[in-house]
Amino acid sequence: MSCLFCKIIEGSIPSTKVHEDELCYAFADINPVAPTHVILVPREHLASLDDTDPDHGEMLGHLLLTAAEIARKQNLTNGYRIVINTGEDGGQTVEHLHLHLLGGRELAWPPG
Ligand code: AMP
Ligand code: ZN
């Protein structure tokens, strides 16, 4: 398996673990763009959100609920942002579906 995030999940590439359970793994982004920058990935390899179907509903809901749980644990009481970059125009660089949890500073809108 040549996928970077699959290697992080299986532990052959090191990461700073933030959370793990039967469906997902969360770790610190190596190049944080905010004081809190966590990546959440499903254990199942899917290239992007564009590869999901209704069977993935439970997993996708679990990712969002887990992101909210991590945000509470990290005391992001002033708010935070969840981002899912998808495809070339979406700025996706790693082809394993992932959520960014960003917080700890005021985030600009609209994004670039
Ligand atoms: P995206 O641009 O949405 O595909 O996001 C990919 C993210 O993965 C970027 O924010 C990178 O900084 C992050 N990233 C790439 N390699 C690693 C790594 N080895 N450990 C942690 N985060 C990584
Ligand atoms: Zn993968």
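Structural notes, computed from the coordinates. (Residues numbered from 1 in each chain as written. Chains lettered and ligands numbered in written order. Predicted model: local features only at pLDDT ≥ 70, side-chain atom pairs only at ≥ 80, totals over all residues. Heavy atoms only, no water.)

Each regular strand displays side chains that alternate between the two surfaces of the sheet. For strand β3 (residues 36-42), the buried fraction is high: 7 of the 7 residues fall into the buried class. Of the strand pairs in this sheet, strand β2 (residues 24-28) and β3 are connected by 5 bridges, and their pairing is antiparallel. Within β3, the position partnered with A28 by the bridge is V38. Sheet analysis places β3 next to strand β5 (residues 99-103), joined by 5 bridges and oriented antiparallel. Bridged to H37 within β5 is L102. (Buried < 20%, exposed > 50% of the residue type's maximum accessible area, 1.4 Å probe, protein only. Helix = DSSP H or I, 4+ residues; strand = E, 2+ residues; numbered from the N terminus. Pairing = 2+ DSSP bridges.)

Right, let's talk about the environment of A47 for a bit. Looking at where A47 falls in the secondary structure, it is placed in the loop between β3 and α2 (57-73). Residue classification places A47 among the partly exposed residues on the basis of a relative accessible area of 23%. The spatial distance from the C-alpha of A47 to the C-alpha of E95 is 4.6 Å, given a sequence separation of 48 residues.

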